[in-house]
Every structure is written in structure tokens, then in C-alpha cells.
Amino acid sequence: MLWANMHLLFWLSIIPFVTGWMGENHFMPASVFLYGVVLFLAAIAYFILQKLIIKSHGKHSVLAKALGKDLKGKVSPVLYVIGFVSAFYSVWISGTIYVLVAIMWLIPDKRIEKELVKETS
């Protein structure tokens, strides 16, 4: 689990570099593509870490129940792939997809809190 966490932190640590490179190059397709690839790899690392945590706590744990099918976690990598593939067609489409994924994750998710309330009552 520690290595999976380090894997996620590695990809997250690269985000400022690719963000700066994208800004310096005025959103050139190659920089937008690389930004999307890094976001995709961070999403994959998050998925791996999440699966390891659930495996360690068991399939019937509160976290496993709360995550359920985890639609956000499965849709995000797919949208990132669409985003970085479309970078060479239109950086606006890529940027819009990246922003949509960010907004999707900014919306509070109450699943864990609901499961904890069920567990304690």
C-alpha cells in the first residue's frame, strides 16, 4: 500500500511541471497532451491505491460499501484518455474535458459519510 501511495504522489508531483510547461507554451497540443497523460496516470495510480486499501480492509468494509461501483473513479480515466487524444485536434476540447473532470471531483461526495452513519447506528 505504501508503494501505491508513493506511485500516486509521484504523478501528482509532476502536475505543476506540466501545468507550467503548458502555460509557457501557450497551450500547444504537445503540452496539453502531456498534461492529460500525467492526469491519466495519476487517476490510474489512485485507482490502484483505492483497490489495495479495499483489499486490505475487506470487501465488506465501510469504505468498500461506500465506494460501491465508484462511477467517478472509473469515468475519470476514460475522460482523460479522450482529452489527451483530442489534444492534437483541439486543445479547447481537451481543456474542457480536463475542467469537467476537475469539477466532477470538486462536487462533494457524501457516500462515505452515509455509510459511516449507517455503521454507527
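Structure: above.
The following refers to the structure shown. Only a predicted model underlies this, so the values are computations on that prediction, with no experimental measurement involved.

1. Let's talk about the overall build of the protein chain
Logical step 1: Scanning the protein chain for helices and strands turns up 6 helices and 0 strands.
Logical step 2: Start at the N end of the protein chain and walk to the C end: the helices and strands fall as α-α-α-α-α-α.
Logical step 3: Viewed in the frame of its principal axes, the protein chain has a C-alpha envelope of about 55 × 25 × 20 Å.
Logical step 4: The buried share of the protein chain, reckoned over its 121 residues, is 34%.
Logical step 5: Expressed as a percentage of contacts within the protein chain between residues at least 6 apart in sequence, the contacts between residues at least 24 apart total 67%.
Logical step 6: Of the roughly 8,000 Å² of accessible surface on the protein chain, a fraction of 75% belongs to carbon and sulfur atoms.
Logical step 7: Within the protein chain, the 6 negative side-chain charges are centred at a point lying 8 Å from the centre of the 11 positive side-chain charges.

2. Let's talk about the nonpolar core
Burial of nonpolar side chains together is a common tendency in soluble globular proteins.
Logical step 1: Among the nonpolar cores identified, the biggest contains 22 residues, and W11, Y35, V38, L39, Y80 and Y98 are the most heavily contacted of them.
Logical step 2: Residue assignment for this core shows that the elements contributing at least two residues are α1 (2-24), α2 (29-57), α4 (71-85) and α5 (91-106).

About the thresholds
Residues numbered from 1 in each chain as written. Predicted model: local features only at pLDDT ≥ 70, side-chain atom pairs only at ≥ 80, totals over all residues. Heavy atoms only, no water. Helix = DSSP H or I, 4+ residues; strand = E, 2+ residues; numbered from the N terminus. Buried < 20%, exposed > 50% of the residue type's maximum accessible area, 1.4 Å probe, protein only. Contact = heavy atoms within 4.5 Å. Areas by Shrake-Rupley, 256 points an atom, 1.4 Å probe, with all protein chains shown as cover. Lys, Arg positive; Asp, Glu negative; His and termini not counted. Charge placed at Lys NZ, Arg CZ, Asp CG, Glu CD. Core = buried A, V, L, I, M, F, W, Y, C linked by side-chain atoms within 4.5 Å.

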